[in-house]
Amino acid sequence: MILPAQSVTATRLTTLPNGFRIVTETMPGLKSASVGVWVMAGGRHETAAQNGIAHFLEHMAFKGTTRRTSLQIAEEIEDVGGYINAYTSREMTAYYARVLQADVGLALDVIGDIVLNPAFAPVEIEVERGVILQEIGQSLDTPDDIIFDWLQEVSYPDQSFGRTILGPEERVSNFSRDDLQGFIKAHYGPAQMILSAAGAVDHDEIVAQATALFGHLPAIPAAKFQPAKFTGAMRREVKKLEQVHFAMAFDAPSYRHPDVHTAQIYATVLGGGMSSRLFQKIREERGLCYSIFTQSGAYEDAGQITLYAGTSAADIGDLMNLCADELKRAADDITAAELSRARAQIKAGMLMGLESPSSRAERIARLLAIYGRVPDIDESVAKIDGVSLDDLRRYAGEVTSADQALALYGPVSKAPDLDAMRARLAA
């Protein structure tokens, strides 16, 4: 028996007997929809020997199924003017499409096919292996991309949570068909999947089709993953580049921690826009960089606030010291106006995102994965508004004594090291 649909304001949720969940939001007035399957299997669910396999599997989804060739997958969606894509993150892999209202059923059928019936033809595995190796090479040639992989590694050394999503070349070069099938068998159970759709969608029609596609899957136990523990270290890579790339991370709350919204607001105040402290002090007043920002990220059992800037070899010392000074100063003099502005930025970004069916589909999938339900938007806004100035200043003081990690890339031989940054923050 199918469990009854539950109404959470505009959101409807149905759970099949095998644990597969279907969540939808109808957006009146739209003529298009976004539909996808989010799988709770990402980089952190890999063993060291599997590093990169979740991403490899995502690529292989588009290389043909038992029913469609790779060309047919692309043509069926693009013949109706839609698009299809996928991504792999540390905790999820998502397969999704955007189509017109009349083609929602087609999109769901194609997505179900690529998730459930990948062919893994040997020739296609080799072709895609080459594509992924090129992607890895491209990332290594992009300093402001690779530095975040290095920062993750030194934040969570020797942990699945700290490994790169793409994986190292030596692993990717050796994945076999059996390896790919084994990862699916271990992690692609019905209770580990969420079908999410938003826009011009009919919940009952999607449930009926999803039942036919996914209702037969046998339940499997959720695979355990290695807990994340931020320990903090430093990686310094000296290379002849035009700029120094500087990235620093601070231990921060997981997504169920009471301070998760405080951390988000703090990161916005520090470096979330042109009015932020770091942008104004370091770029506008001192002219030490072109790009500088901070951001917060939250996960199942971990979180990070990250700070990034690019500058010259001559200015890196001043820039890093000024960043430390601004972090320290925030604990004493963050203002009510800064809190209000950061709240407005976060809420505006969230509410503007609700105008896109793709953003809505992703939002409800992620919230369902995190909380087991989809909180109403008013509940999310209330939590942001509930962060007080005392909360923010208290959290800003805690950041300077939290664990830290540092990554430096470029002409960085004379840049301050992690111990020097820690000492300046503690002074």
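Just above, that's the structure.
Now for a look at the structure at hand. These numbers were taken from a predicted model, which means no experiment stands behind them.

Conventions used here
- Residues numbered from 1 in each chain as written.
- Predicted model: local features only at pLDDT ≥ 70, side-chain atom pairs only at ≥ 80, totals over all residues.
- Heavy atoms only, no water.
- Salt bridge = Lys/Arg side-chain N within 4 Å of Asp/Glu carboxyl O.
- Helix = DSSP H or I, 4+ residues; strand = E, 2+ residues; numbered from the N terminus.
- 1 Å grid on protein atoms, 1.4 Å probe; cavity = no way out; pocket = protein on both sides within 12 Å on 5 of 7 lines; lining within 4 Å.
- Points joined across faces, edges and corners; volume = space filled by probe spheres on them.
- Disulfide = S-S within 2.5 Å.
- Buried < 20%, exposed > 50% of the residue type's maximum accessible area, 1.4 Å probe, protein only.
- Nonpolar A, V, L, I, M, F, W, Y, C, P; charged D, E, K, R; others polar.

1. Notes on the pattern of salt bridges
And step 1. Applying the stated criterion across every chain, the model contains 27 salt bridges.
And step 2. Put simply, lysine 63 and glutamate 124 hold a salt bridge, and the shortest N to O gap is 3.4 Å. Here the residue lysine 63 occupies a position in the loop between helix 1 (53-60) and helix 2 (70-78), and glutamate 124 occupies one in helix 4 (residues 122-140), the gap between them amounting to 61 residues.
And step 3. Between arginine 277 and aspartate 333 there is a salt bridge whose closest N-O contact spans 2.9 Å.

2. Overview of empty space enclosed by the protein
And step 1. Within this structure, the stated rule accounts for three cavities of 30 Å³ or more.
And step 2. Within this model, the largest cavity holds a volume of roughly 60 Å³.
And step 3. Considering the residues around the largest cavity, the lining is formed by Thr268, Val269, Ser275, Ser276, Arg277, Glu338, Arg341, Ala342 and Gln345.
And step 4. Secondary-structure elements contributing two or more residues to the lining of the largest cavity are helix 9 (260-271) and helix 12 (336-353).

3. A closer look at the state of the cysteines
And step 1. Applying the stated rule across the entire model yields zero disulfides.
And step 2. Cysteine 289 carries a free sulfur, and the closest cysteine sulfur to it, the one in cysteine 323, is 7.8 Å from it.
And step 3. Residue classification places cysteine 323 among the buried positions, given a relative accessible area of 1%.

4. Quick notes on the layout of surface pockets
Empty space among the atoms becomes visible once a probe the size of a water molecule is rolled across them.
And step 1. Space inside the largest pocket adds up to approximately 1500 Å³.
And step 2. Around the largest pocket, the lining comprises 50 residues; the ones closest to its centre are Tyr255, Ala298, Arg366, Leu367 and Ile370.
And step 3. Contributing elements (two or more residues each) for the lining of the largest pocket: helix 9, strand 10 (292-298), helix 12, helix 13 (357-371) and helix 14 (377-385).
And step 4. A per-element tally of the lining of the largest pocket places helix 13 first, with eight residues.
And step 5. A volume near 600 Å³ is recorded for the second largest pocket.
And step 6. Along the wall of the second largest pocket there are 21 residues; nearest its centre are Arg90, Asp145, Phe148, Asp149 and Ile165.
And step 7. The element that contributes the greatest number of residues to the lining of the second largest pocket is helix 5 (residues 143-155), accounting for six residues.
And step 8. Of the residues assigned to the lining of the second largest pocket, the class counts are six nonpolar, 11 polar and four charged.

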